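One letter stands for each residue in the lines below.
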Amino acid sequence: MKSYENIDIEFKEIYVDDIKKEVIAFANTFGGTIYIGIRKDGTVVGIDDPDYVMLQVANALRDNIRPDIMPFVQIKTIEEEQKPIIEISVQTGTGRPYYLQSKGLKPAGVYVRRGSASQPLSDDGIREMIVQTSGKSYERGRSLVQELTFSSFEHEMKERNLETGLSQMRTLRMIGEDGLYTNLALLLSDQCEHTIKVAVFQGTDKAVFRDRKEFSGSLLQQLEEVYQLIDLYNKTKATFSGLNRIDTRDYPEEAVREALLNCIVHRDYSFSGSSLIHIYDDRIEFVSLGGLVPGLSMEAIFMGVSQSRNPDLAAVFYRMRLIESYGTGIGKIQRLYDDMKEKPKFETAPGAFRVILPNQNEAGVLTVQVENKAEPREILLPSTCEQILLEYVRDRGYVTRKSAEELLGSKSTKAFRILKQLVEQGQLKVEGRGKNSRYVAN
């Protein structure tokens, strides 16, 4: 057989296990043919038991390549120079990228044809192939990571009396038509690769850091933990009208919730960067990647027009009653500031969208009625959660971490953060160690 290996031809003298890589490479590129029983120089040597070799090839391809590649492969025996050889014809597959099941959607498992060689495809190349093949949004594309767990997702679904399982995941589009996890599943899984970075600054600029944290894990876990952290910095201030005390949070809790949900649900997850939240003395900024959906303008947004970038993710959050309906978040934030002097701002730039919530307590200055005269005083009262713990300590003399959890009806992490902050503020001090530690007035 006077021929040579090329971009669409591969010779194998005998059957070898690596033949799977060649089949994957052809299916991921422009198709091609593999001949078993021909040396690299084109010399035909034939094979002794073609039926057995064909069975080996079929079993190897069926058991080790995902998704199913067999509809695009034909295996048959032909004669060349009166010797039997095996011809494996591979078409370009519609389920690209094909990969070795044992390696997953990684360069070690995905191959393409380059000249007469089969070479690994880079992570960026794999992502690009998924987008080109599926023609779908990021959330419906096949996840590069298939070893996923869903402890946070299952917990949140159970809390809302919603069922979880393979059929529900298919309905929610967490599992695609090929039976594999989608990027939506990745976002909701414990292995989610996207994070939220929160930075707390002293004053009104970025000159001095007070705190910074990065939150990872399922988007549902990030939503809970980030909200708890913001809540710690959302102070309560009081005004008095006669004997009546009126408590006001720096930021309306519902506005914080809507801005945070907007930051999570509507960002572009094809970007690998983190969502950003910056907390200053006079404002909170929520910055999400992706900007507005192409075709929409800020004017259209303020008119109530809605086009979700991640409709499947929004549908999951809607089903979990985390959002009420599509496109109402910005309007709700605006209404919450109707009676305030400073209004929230919404800014867009290529690749980014920012929501700015002003501190409605104006840096903590409080007007208190004293002897019928309005006298401004800077009084910074603890948040509601801190107040509960401090009042409990005044009544009982001390509080433990466990009793703090019960009082606040919160998880251990949040209770500990609040206790730690009260210690740092000098309002409480710790006595004892470990499980026997308790917090008393300082």
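Up top is the structure.
None of these values were measured; they are calculated from a predicted model.

Student: What am I meant to see in the overall build of the protein here?
Tutor: Of regular secondary structure, the protein possesses 14 helices and 21 strands. Computed over its C-alpha atoms, the radius of gyration of the protein comes to 30 Å, more than 25% above the 22 Å expected for a compact globule of 442 residues. Reported as C-alpha extents along the three principal axes, the dimensions of the protein are approximately 115 × 55 × 45 Å. Expressed as a percentage of the 442 residues in the protein, the buried residues total 47%.

Student: Whenever I open this one, the sheet that holds strand S19 (residues 398–399) confuses me. Can you help?
Tutor: What holds strands together in a sheet is hydrogen bonding between their backbones, with the strands either parallel or antiparallel. As summarised here, the arrangement of the three strands in space is S19-S21-S20, forming an open sheet in which the pairing is antiparallel. Only two strands of the sheet have a single neighbouring strand rather than two, namely S19 and strand S20 (428–431). Inspection of the sheet shows S20 paired to strand S21 (residues 438–441) by four bridges, in the antiparallel sense. Within the sheet, the bridge partner assigned to Leu 428 lies in S21 and is Ala 441. Packed on one face of the sheet, helix H14 (residues 412–424) meets S19, S20 and S21 and runs near 110° to S20.

Student: Is there a simple way to explain helix H7 (residues 219–233) in this structure?
Tutor: Since the α-helix turns once every 3.6 residues, residues separated by three or four places project in the same direction. In this model H7 runs 21 Å from its N-terminal to its C-terminal C-alpha over 15 residues, within 8% of the 21 Å that 1.5 Å per residue would give. For H7, the tally of buried residues reaches eleven of 15 residues, placing the bulk of the element in the interior. Of the positions making up H7, those classed as buried are Leu 219, Leu 220, Gln 222, Leu 223, Val 226, Gln 228, Leu 229, Ile 230, Asp 231, Leu 232 and Tyr 233.

Student: Where do I start with the pairing of strand S2 (residues 32–36) in this structure?
Tutor: The side chains of a regular strand alternate, first on one face of the sheet and then on the other. Counting buried residues in S2 gives five out of five residues, a clear majority hidden from the surface. Here S2 shows no split at all, with Gly 32, Ile 34 and Ile 36 on one side and Thr 33 and Tyr 35 on the other all buried. Pairing of strand S1 (residues 9–12) with S2 involves four bridges; the strand directions are parallel. Bridge pairing in S2 places Lys 12 opposite Ile 36. Handedness of the crossover is the feature at issue here: the chain leaves S1, passes through helix H1 (residues 19–28), returns alongside S2, and the resulting connection is right-handed.

Student: What should I look at first to understand the environment of Phe 215 in this one?
Tutor: Here Phe 215 is to be found in strand S10 (residues 208–215). In this structure, the C-alpha to C-alpha distance between Phe 215 and Val 198, residues 17 residues apart in sequence, is 8.0 Å.

Student: Is there a simple way to think about unusual backbone geometry in this case?
Tutor: Residues apart from glycine generally show negative phi values, whereas peptide bonds are mostly found in trans. Here the amide bond leading from Arg 66 into Pro 67 is cis, since omega sits at -10°, within 30 degrees of zero. Within the fold, Pro 67 resides in the loop between strand S3 (65–66) and strand S4 (73–80). A cis amide bond links Arg 96 to the next residue, Pro 97, at an omega of 0°. Among the structural elements, Pro 97 can be located in the loop between strand S5 (83–90) and strand S6 (99–100).

Student: Just to check I follow, could you spell out the sheet that holds strand S15 (residues 345–349) for this structure?
Tutor: Strand order in the open sheet formed by six strands is S10-S9-S13-S14-S16-S15, with mixed pairing between adjacent strands. Of all the strands in the sheet, the pair left with one neighbour each is S10 and S15. Across the sheet, the mean angle separating the axes of adjacent strands is 15° when strand polarity is ignored. Judged from the five bridges that link them, strand S9 (residues 196–202) and strand S13 (residues 275–279) form a sheet pairing that is parallel. The partner of Ile 196 across the bridge, within S13, is Ser 275. The sheet contacts of helix H8 (residues 253–265) involve S9, S13, strand S14 (283–289) and strand S16 (352–358), and relative to S16 the element is tilted by about 170°.

Student: I'm lost on the nonpolar core in this one. Help?
Tutor: For soluble globular proteins, nonpolar side chains are generally found buried alongside one another. Ranked by internal contacts, the top residues of the largest apolar core, which has 70 residues, are Phe 153, Met 174, Leu 188, Ile 277, Phe 286, Phe 317 and Leu 357. The residues contacting Leu 188, other than those within four sequence positions of it, are Phe 150, Phe 153, Met 174, Ser 218, Leu 220, Leu 313, Val 316 and Phe 317. Ala 27, Val 57, Leu 61 and Ile 69 belong to the second-largest nonpolar core, a separate cluster that totals 25 residues.

Student: Can you help me understand the pattern of salt bridges in this one?
Tutor: As a working rule, side chains carrying opposite charge can pair if their charged atoms are close by. Summed over all chains, the structure comprises 29 salt bridges. A salt bridge links Glu 10 to Arg 113, with the nearest nitrogen and oxygen atoms 2.7 Å apart. In this pair, Glu 10 is assigned in strand S1 and Arg 113 in strand S7 (residues 111–114), connecting sequence segments 103 residues apart. Each member of the pair Glu 10 and Arg 113 is classed as buried. Beyond isolated ion pairs, a larger network of salt bridges with shared partners links Glu 5, Glu 10, Lys 12, Glu 22, Lys 40 and Arg 113.

Student: I'm lost on the packing of H7 against H8 in this one. Help?
Tutor: Packed helices, taken two at a time, are described by the angle between their axes plus the distance between the axes. At a closest axis distance of 11 Å, the pairing of H7 and H8 adopts a crossing angle of 145°. Crossing hand, H7 versus H8: right-handed. Contact residues: H7 offers Leu 219, Leu 223, Val 226, Tyr 227, Ile 230 and Asp 231, while H8 offers Glu 253, Val 256, Arg 257, Leu 260, Leu 261 and Ile 264. Of the residues in the contact of H7 with H8, the class split is nine nonpolar, no polar and three charged.

Cut-offs applied
Residues numbered from 1 in each chain as written. Predicted model: local features only at pLDDT ≥ 70, side-chain atom pairs only at ≥ 80, totals over all residues. Heavy atoms only, no water. Helix = DSSP H or I, 4+ residues; strand = E, 2+ residues; numbered from the N terminus. Rg over C-alpha atoms; globule rule 2.2 N^0.38 Å. Buried < 20%, exposed > 50% of the residue type's maximum accessible area, 1.4 Å probe, protein only. Pairing = 2+ DSSP bridges. Contact = heavy atoms within 4.5 Å. Axes fitted to C-alpha atoms, helices over the stretch in contact; angles between N-to-C directions. Expected span 1.5 Å × (residues − 1). Right-handed = clockwise from strand over helix to strand, strands pointing away. Core = buried A, V, L, I, M, F, W, Y, C linked by side-chain atoms within 4.5 Å. Salt bridge = Lys/Arg side-chain N within 4 Å of Asp/Glu carboxyl O. Left-handed = near helix turned anticlockwise from the far one by under 90°. Nonpolar A, V, L, I, M, F, W, Y, C, P; charged D, E, K, R; others polar.

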